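Fold and contact review
What follows is the residue order along each chain.
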Amino acid sequence: MMRSSSFLLDILKLIFVDIIWKIIYFPIWWYSKGFFDLLINFIEKVKRQSYALGIFIGFKFLFRPMYAQNDFSGRIISFFMRLIVLIFKIFIFILFLVVLFFGVAIYLALPVFVIWQIYLNFVYLKTI
């Protein structure tokens, strides 16, 4: 009988210590390894998006004429056409970066916001 009570106590102790450790460790993980993983994911997304938009290829072929029109008017038209497309792609890329930075800012502010909301709810419960 003594053994089962000790066993139950050990299980409860293990469960509560594990839960308390996870609660304490969560902010540390969120702002260290979780944030590092987020930054790696952020960099990969930026690389993939720049590759998908072909921005560097646009810069590389900016001064090359399109459709093998090597005369002066063909070069001028090609340059401005490629320049407009490149400006549009850079604009899309900047919008993508803004959305990603906004996501990172939300990630960083989320635990603080949650703790603040919990605090406000406790204050509200005291008034009831």
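Residues numbered from 1 in each chain as written. Predicted model: local features only at pLDDT ≥ 70, side-chain atom pairs only at ≥ 80, totals over all residues. Heavy atoms only, no water.

What follows covers the side chain of Ser50. On the secondary structure map, Ser50 appears in helix α2 (residues 33–53). Residues in contact with Ser50, not counting those within four places in the same chain, are Ile55, Phe56 and Phe93. (Helix = DSSP H or I, 4+ residues; strand = E, 2+ residues; numbered from the N terminus. Contact = heavy atoms within 4.5 Å.)

What follows covers the side chain of Ser78. Tracing the backbone shows Ser78 in helix α4 (residues 72–127). Sequence-distant contacts of Ser78, defined by excluding residues within four places in its chain, comprise Arg64, Pro65 and Met66.

Helix packing geometry: the angle between the two helix axes and the distance between the axes. Direction vectors running N to C along α2 and α4 enclose 170 degrees, while the axes themselves pass 11 Å from each other. The angle between α2 and α4 falls in the class roughly antiparallel. On the side of α2, the interface is formed by Gly34, Phe35, Leu38, Phe42, Lys45, Val46, Gln49, Ser50 and Leu53, while α4 contributes Lys89, Ile92, Phe93, Phe96, Leu97, Leu100, Phe101, Val104, Tyr107 and Leu108. (Axes fitted to C-alpha atoms, helices over the stretch in contact; angles between N-to-C directions. Parallel < 35°, antiparallel > 145°, perpendicular 65-115°, else oblique.)

Moving on, we come to α4. If you check α4, its first and last C-alpha atoms are 79 Å apart, about what 56 residues at 1.5 Å a residue would give, namely 82 Å. Among all positions in α4, only Gly74, Ser78, Leu86, Phe93, Leu100, Val104, Tyr107 and Pro111 are buried. (Expected span 1.5 Å × (residues − 1). Buried < 20%, exposed > 50% of the residue type's maximum accessible area, 1.4 Å probe, protein only.)

What follows deals with the pattern of salt bridges. Taken as a whole and judged by the stated rule, the model has 1 salt bridge. The salt bridge involving Lys33 is made with Asp37; its shortest N-O contact spans 3.1 Å. Taken as a pair, Lys33 and Asp37 lie in helix α2 at a separation of 4 residues, close to a single helical turn. A relative accessible area of 34% means that Asp37 is categorised as partly exposed. (Salt bridge = Lys/Arg side-chain N within 4 Å of Asp/Glu carboxyl O.)

Bringing the nonpolar core into the picture now. Formed by Phe42, Val46, Leu53, Ile55, Leu62, Leu86, Phe93, Leu100 and Val104, the largest nonpolar core amounts to 9 residues. At the level of elements, α2 and α4 are the ones that each hand at least two residues to this core. The greatest single-element share of this core, amounting to 4 residues, is contributed by α4. When sequence neighbours within four positions are dropped, the list of residues in contact with Val104 reads Phe35, Leu38 and Phe42. (Core = buried A, V, L, I, M, F, W, Y, C linked by side-chain atoms within 4.5 Å.)

Mean pLDDT over the protein works out to 90, with 97% of the residues at or above the 70 mark. For the protein, per-element mean pLDDT is lowest for helix α1 (residues 2–31), which scores 84, and highest for α2, which scores 95. (pLDDT = per-residue confidence, 0-100.)

Turning to the packing of aromatic side chains, a few remarks are in order. Enumeration according to the criterion identifies 9 aromatic pairs in this entry. Judged by centre distance (5.3 Å) and plane angle (15 degrees), the rings of Phe63 and Phe79 are stacked. Residue Phe63 is located in the loop between α3 (55–60) and α4, and its partner Phe79 is located in helix α4; the two are separated by 16 residues in the primary sequence. Look at Phe79 and you get partly exposed, because its relative accessible area is 23%. (Phe/Tyr/Trp six-rings, centres within 6.5 Å; stacked < 30°, edge-to-face > 60°.)

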